[in-house]
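Chain by chain, the residues run as shown.
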Amino acid sequence: MNQRTWLTALRAGIIRTTLLAVPVILLALAYSSFRGGSGERLAITAIINVVIVVSIGIFVGNSGVESFGHIGFAAVGAYSVALLTTSPQVKKSRIPDAPFGLTQTQVSVLVGVVLSLIIVAVLGAVVGLVVMRLSGISSTIVTLALLVVVVNLVSNWVDLTGGAEAFYGIPTVLTLPMAVIAMATVLFVASVFRSSPWGLLLQAAREDELAAVTMGVNVGLLRWFAFVLSAVGAGMGGVLFALLLGAITPNDFYLTLTFLTIAMLVLGGKRSTTGAVIGVIVITIGNEIFRWIGDGPNIVSFTLPAVPGLTTLFLGITIVVVMIVRPAGIMGDREVDDFTLRWFHRSTEDAQGPAVASEAPTSRLVAADLVKHFDGVKAVDGVSLEVGPGEIVGLIGPNGAGKTTLLNLLSGVLIPDHGSVCIDSTPLPQPPYRVARSGLARTFQNIRLFGSLNVSENVQVTTIVAKKANSQGIDPADLLSAFSLNKISQRKARTLAYGDQRRLEIARAAAIGSRFVLLDEPVAGMNEVESLALRETIHNLNALGGAGILVVDHDLSFILGICERIYVLDAGRIIAMGSPDEIVVNTAVIDAYIGTSINHQDNALQDPNMHEQSTTTNGEDTR
Amino acid sequence: MNEALQQLVNGISLGSTYALMALGLAIVFTIFGLVNFAHGELITIAAYAMLLCYNIGIPWFLGAVIGVAVAAVAAVTMEFVAFRPVRHADVTTMLITSFGVSIVIQAIFAVTVSARVQTATQPAWSSKSLTLMGITLPIYQVATIIVTALALLILVFVLKRTTFGLAMRGAAEDFQTARLLGVRSHRLTTAAFAVSGLLAGVAAVLILARTGGAVYPTMGLAIILKAFVAIVIGGMGSLVGAAAGGMVLGIAEVSLRAYLPGSISGLTDGILFLAVVLIIIIRPQGILGTKPKLRT
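Conventions used here
- Residues numbered from 1 in each chain as written.
- Chains lettered and ligands numbered in written order.
- Predicted model: local features only at pLDDT ≥ 70, side-chain atom pairs only at ≥ 80, totals over all residues.
- Helix = DSSP H or I, 4+ residues; strand = E, 2+ residues; numbered from the N terminus.
- Rg over C-alpha atoms; globule rule 2.2 N^0.38 Å.
- Contact = placed C-beta atoms within 7 Å.
- Nonpolar A, V, L, I, M, F, W, Y, C, P; charged D, E, K, R; others polar.
- Domains from an automatic or database assignment.
- Pairing = 2+ DSSP bridges.
- Axes fitted to C-alpha atoms, helices over the stretch in contact; angles between N-to-C directions.
- Left-handed = near helix turned anticlockwise from the far one by under 90°.
- Buried ≥ 20, exposed ≤ 12 C-beta atoms within 10 Å, placed from the backbone.
- Arc of directions from axis to C-beta.
- Expected span 1.5 Å × (residues − 1).
- Core = buried A, V, L, I, M, F, W, Y, C linked by C-beta atoms within 7 Å.
- pLDDT = per-residue confidence, 0-100.

Moving on, we get to the overall build of chain B. When its secondary structure is counted, chain B shows 11 helices and four strands. In terms of C-alpha radius of gyration, chain B reaches 19 Å, essentially the compact-globule figure of 19 Å for 296 residues. Dimensions of chain B along its principal axes, counting C-alpha atoms only, are 55 × 50 × 35 Å. Pairs at least 24 apart in sequence give 77% of the contacts found in chain B among residues at least 6 apart.

Shown next as C-alpha cells:
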C-alpha cells in the first residue's frame, strides 16, 4: 500500500520533475539548434506555457474548481516586473506621471521578479478568499469576471501602465536555462503538492465535498492554499513573458492566452501534471504546423495560399474533440511515473506499526432537545438521545420520521434551531469539518465515496485528518484488513461492488479513530447475506476502536439483531426507547413503524402535515 | 431631465439586446445546466448571414428574417454536433465544450471570410432619429425596445399557454422527471436551442442596426460576457430574472459611461464585472432572484 506522506510526495516530485523536464529540455535544445534564434524563442515560449498550464493545474486539477481567470495573474506579474525593472529613461517617455514614484524607480531583475511574485501572491490570497467558497458555474463566471476586471484596469490605468498600447523597454534577459529552472521549480511544486497528504485531501473534496467535510477536511483552507500557489505560478509565467518579449500589451494576457492555456490543460488532462506538459507540447507542435500551413508554404513548386486564423481553428477543434472523446484528457488521473520506474514505489507498509486505539474510550454523545424545522415542517421536534462509549445504538422509524435530519444534526451538517449536541458536555464545534476532528464520523445513505481515489486513499484521507487533529488514528493497513478491503486497496472506489462500497465508507469513517460513528442506512439495498456480513463489519468496527455507534435503518431485523439499545423516531419525536426485546412489544412502535393499526391511519388523516413532511424530509435525504 | 430621460431610453435599448441574449442563455441553462459560451457566436453567425444577403442584393427585411432563421438552425446544429455527445457529462465539461465551439466558429469566419470588420449595409431609416416630447430618439433604439418587448410577449405566451411551453417549464424544474413523464427529450432539446437561437438572431438584427452593420468574427464575445453578467444579476436559472438583469445591466452601463468622469469612464466594464463578483459573493441568488437554483 502506498501511503501518502510528505516524504513520498517529495520523492514523487523529484522523479516526476526529472521525467518531465528532461524531454522538454531535449525538445527545446533540438528545436533551437534546428531553427536557431527563432527556434529558441519558440522553445522558451513553450516552456513558459508549461509554467502557466502546470500552475493552473495545481488549483483546477486538485480542487476540481474551474478557473478562467489565472491569466489575470500572469498580467499582474508581467506588468509588475515591467514597471519595476524598466529603466527610468524609457519610463519617462512612456509613463512620465506614474504613481508611487515608479517613474524614477528601478530595481535589479532578480529583486523585480521576487517583488512581482509577492504582489501576485497577495492578490491571489485576496481573490482566493472569494474563489474558495465557489464551485460549478459560479467559479467560472467569477474567475472570468476577475480576468476582465484586471485587463480592464491595466488597459485604463494609463498613468501606471501606459494603457492599451505596448509597454516596451523591459530588459530582455530571459535565457533558455533560466526558463528551464523556472519550469523545473513549478513542476516540482505541482508534483509534490499533488502527491502530498494535502493534495489528497483536496482531491477528496473534489470527488465529494460534503463527505470530505464530514471526514474533517478543511476544504476552504486547502482550496485557498492551492489557489494562491497556482496564482503565483501563473504570475511567474507572466513575469517570464515580460522578460522574454521586452514589450507587452494588456491584450497579450487576455482571452487569446486563456484559450490557449485551457486548450493545453484539457488536452493533456487537468488532473495530471504530466498531462499539462503533454498538452503544451502537442498544442505547440500543432500550432506550429498550422501556422506554417496558414502562412502559405512552398511545397515543391506550389505555393499554398495564406490562411490566417488556422491555429485558432485547430485550438477550438482540439478542445471540442477532447471534451467529446476523452473529457479527462490524454492522461486522466495518471502521471508519467505511474508507467515507468514502478519499482521506485516500494511499499512503506513496514514503517507503520499497528496503532489500534489503546485505552477504552469513555466519552458520551448527548443530544438534548433537538429541534429542526424546514419552512414550518417540524422534521425533528425535540429529540434527546445518548450514545455511550462502545455502545451500539439503533435509530429506527418510518420514512419521513426525520432520521436523516437527526443524523445531519448530530454530525454538524445541519445546525439545530434549538437544542444542543455535546460530546462529554462539550458542544459540537463549528464549522462542520471540526466535528469529525473532535471524534465523530459518519456515513451516508446514498454512499459518498471519493470515486476516483483508490480504496487505500479513501481511508488515508481520514487518517491524515486524524493526525492533524492529534487524535489517535487507526493505521490504514490494519483497518483495510479488518474490513477485508486489503485485497482491493488499489482499486478506484467508484469501481467497487455495492457491498464493498458500504464497507469502505464505514472503514473510512472508522479511520479517524472516532469515538462515535454514525451509520446512515448501511444495509439499504442489501440482501440477507450482505446484511449479515455487514453486521460482522459493524461488530469489527466496534471492537477495533471501541467507538460508540449509532445505526439508522429501516430494516427492523437488522437493527434488532445488532443493537443493544434502540430509539424509535416518528414524526420528529422519539416515541420509544429500550432494548430490542422491549421495542418489539411496544404498541406505539408497532403503530408508527409497521403502520397497520387503524388508529394510526386516523392520526395520519387528522394531521395534514404528515404527508408533506414525508416528502420534505425525503427530499432532505437525497441531498 | 431630458438628458437623463434620453440616457434611460439609451440604457433600455442597450439592455434589450442584453436581455434577449441573457434569456437565450437562461433557457438553455435552466433545462440542461449548460452555460453556453458559444451563444454569442449565434449573433456572429446571424450577422454574417445578413452580410451575405445584403451583398447579393436581398432586401433588408428579408435578409433580417433569413439571419434570424440561420441563427436558430445554427443553435440546433451546435447542440446536435457538440453538446449532445457531452449531455451527461459534468457542468465543466459542457462549459469547456461550448468554449471550444465558440473558438471554432470565430476561427471559421476568420479563415473563410476575414478577420477584419465588414459592413452589412443597413437601411437608411436606422440612422435617423425622431423627436418626441423634446427628446431625440434614434429610430433604431425605439425599434429595439419595441421588437424586444414583442419577442418577450411571444415567449411568455408560448411558455405559459402552450403544451410545448409547459413541457419546457417542467423540464427546467427537473429534466429527468419530465422525460419520464413523456416529454420527448430530443424534440424538447431541439426546440429549446431553436428558441435561444431565434432570440440571438433577433438580437443580431438589432445590434447591426445600432452599430451601422459592423460584422466581425469576435463580435459575439463582448456581448456574451455581458449576458453572463445579466444572468448573474437576475439570479441564474430564472427567465424573468435574466430579462430584467439584462435591462438593469444596460441602464447601469449607459449611466456609468455617461456620468463617470472622463478619465475613468473606461473602467465601466471593470466596474460591472466587479459588481458581478460581489453579487455572487453576497447574493448568489442574484439581485432579483429569490432562491438559489444552481444545480449541484
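That covers the picture; the talk isn't over yet.
Contact residues are listed per partner, giving 38 residues for chain B and 32 residues for chain A. Among the secondary structure elements, those contributing two or more residues to the side of chain B that touches chain A are α4 (91-112), α9 (219-233) and α11 (268-282) of chain B. A class-by-class count of the residues in the side of chain B that touches chain A yields 30 nonpolar, seven polar and one charged.

Per the domain assignment, the segments making up chain A are domain 1 (7-344) and domain 2 (365-439 + 515-530 + 541-573 + 581-621). Tallied by class, the residues present in the side of domain 1 of chain A that touches domain 2 of chain A amount to four nonpolar, three polar and no charged.

Residues and elements named next belong to chain A. Pairing in this open sheet of four strands is antiparallel, and the strands run β4-β3-β6-β7 from one edge to the other. In this open sheet, the two strands that pair with only one neighbour each are β4 (377-387) and β7 (426-427). In this sheet, β4 lies alongside strand β3 (residues 365-374) in antiparallel orientation, the contact comprising eight bridges. Following the sheet pairing, Lys372 is matched in β4 by Val380.

Moving on: the packing of α9(B) against helix α10 (residues 239-259) of chain B. All names here are of chain B. At a minimum axis distance of 7 Å, the contact between α9 and α10 shows a crossing angle of 115°. For the element pair α9 and α10, the recorded crossing hand is right-handed. Packed against α9, whose contacting residues are Lys226, Val229, Ala230, Ile231 and Ile233, the element α10 presents Ala242, Gly245, Gly246, Val248 and Leu249 at the interface. Residue classes in the contact of α9 with α10 are distributed as seven nonpolar, two polar and one charged.

Moving on, we get to the sheet that holds strand β8 (residues 440-442) of chain A. Residues and elements named next belong to chain A. Read from one edge to the other, the open sheet built from six strands follows the order β8-β9-β10-β5-β11-β12, with strand pairing classed as mixed. A single partner strand is all that each edge strand has here, and the edge strands are β8 and β12 (573-578). Between one strand axis and the next, the sheet turns by 20° as a mean value, whatever way the strands run. Pairing of strand β11 (residues 565-570) with β12 involves five bridges; the strand directions are antiparallel. By the bridge assignment, Ile566 is partnered in β12 with Gly578. Contacts between helix α16 (residues 403-410) and the sheet are confined to β5 (392-396), β8, β9 (516-520), β10 (548-552) and β11, with β9 contributing the most and set at about 155° to the helix.

Moving on to the packing of helix α2 (residues 37-63) of chain A against helix α13 (residues 273-294) of chain A. Residues and elements named next belong to chain A. Where α2 meets α13, the closest approach of the two axes is 9 Å, and the angle between their N-to-C directions is 145°. Viewed along their axes, α2 and α13 form a crossing whose handedness is right-handed. Residues Ala46, Asn49, Val50, Val53, Val54 and Gly57 of α2 touch α13, and the partners they reach there are Thr273, Ala276, Val277, Gly279, Val280 and Thr284.

Bringing helix α6 (residues 163-173) of chain B into the picture now. Residue and element names in this part refer to chain B. Restricting attention to buried positions, one finds in α6 the residues Ala167, Met168, Ala171 and Ala172. Angularly, the buried residues of α6 cover 135° about the axis, an arc narrow enough to put them on a single face. Relative to its buried face, α6 has exposed residues pointing more than 90 degrees away, namely Thr163 and Glu173. Where α6 is buried, its residues meet α1 (2-32), α5 (139-161), α7 (175-180) and α8 (185-211).

Note: α-helices contain 3.6 residues per turn, so residues at a spacing of three or four share the same orientation. Residues and elements named next belong to chain A. With 27 residues, helix α11 (residues 219-245) extends 39 Å from end C-alpha to end C-alpha; this agrees with the ideal 39 Å at 1.5 Å per step. Most of α11 sits out of view: 25 of its 27 residues are buried. Positive backbone phi, at 80°, marks Gly246, one or two positions downstream of α11.

Residue and element names in this part refer to chain A. Summarising the element assignment, Ser420 is placed in strand β6 (residues 418-423). Spatially, the C-alpha atoms of Ser420 and Leu370 are 6.2 Å apart, while their sequence positions differ by 50 residues. With near-sequence residues (within four places) excluded, Ser420 lies in contact with Ala368 and Pro427.

For the rest of this paragraph, the subject is unusual backbone geometry. Residues and elements named next belong to chain A. Of the consecutive residues Gln430 and Pro431, the connecting peptide bond is found in the cis state with omega at -15°. As for its placement among the helices and strands, Pro431 is situated in the loop between β7 and α17 (432-437). One non-glycine residue with positive phi stands out, namely Ser425, at about 60°. Here Ser425 falls in the exposed class, since 8 other C-beta atoms lie within 10 Å of it. Residue Ser484 is not a glycine yet carries a positive backbone phi of 45°.

Residue and element names in this part refer to chain A. What sits between β3 and β4 in their antiparallel hairpin is a turn of two residues, with Asp375 showing a positive phi close to 45°. As judged from the five bridges shared by β3 and β6, these two strands associate in the antiparallel manner. Bridging across to β6, Val371 finds its partner in His418.

Okay, the nonpolar core next. Counting residues in each nonpolar core, the largest one holds 308 residues, and the members touching the most others are Ala22(B), Ala46(B) and Ala71(B). Ranked by residue count, the leading element in this core is α11(A), at 19 residues. For this core, the two domains that each supply at least three residues are domain 1 (7-344) and domain 2 (365-439 + 515-530 + 541-573 + 581-621) of chain A. With residues up to four places along the chain from it excluded, the contact list for Ala22(B) reads Ala227(B), Ala230(B), Ile231(B), Gly234(B), Ala242(B), Ala243(B), Gly245(B) and Gly246(B).

A separate point is the confidence of the model for chain B. A low pLDDT score tells you not to read the predicted coordinates there in detail. All names here are of chain B. For chain B, the mean per-residue pLDDT works out to 86, and 96% of the residues sit at or above 70. For the stretch residues 290-296, pLDDT sits under 50, and the model shows 13 contacts to residues farther than four places along the chain or on other chains. ipTM for the predicted complex: 0.87, alongside a pTM of 0.86.

Here we take up the pairing of β6(A). Residues and elements named next belong to chain A. As paired strands, β6 and β7 are joined by two bridges and run antiparallel to one another. Across the sheet, residue Cys422 finds its bridge partner in β7, namely Pro427. Counting the residues between successive antiparallel strands, the hairpin from β6 to β7 contains two residues, one of them, Asp424, with a positive phi of roughly 50°.

All names here are of chain A. In this model, chain A carries an average pLDDT of 83, and 88% of its residues clear a pLDDT of 70 or more. Ignoring residues within four places in sequence, the model shows residues 343-358, a span with pLDDT below 50, making 24 contacts including any to other chains. Contacts of residues 597-623 to residues separated by more than four positions or lying in other chains number 32 contacts, the stretch itself having pLDDT below 50.

All names here are of chain A. One can find Arg442 in strand β8. For the pair Arg442 and Leu480, spaced 38 residues apart in sequence, the C-alpha separation works out to 17 Å. Sequence-distant contacts of Arg442, defined by excluding residues within four places in its chain, comprise Thr214, Leu407, Ser411, Ala509, Val517, Leu518 and Asp520.

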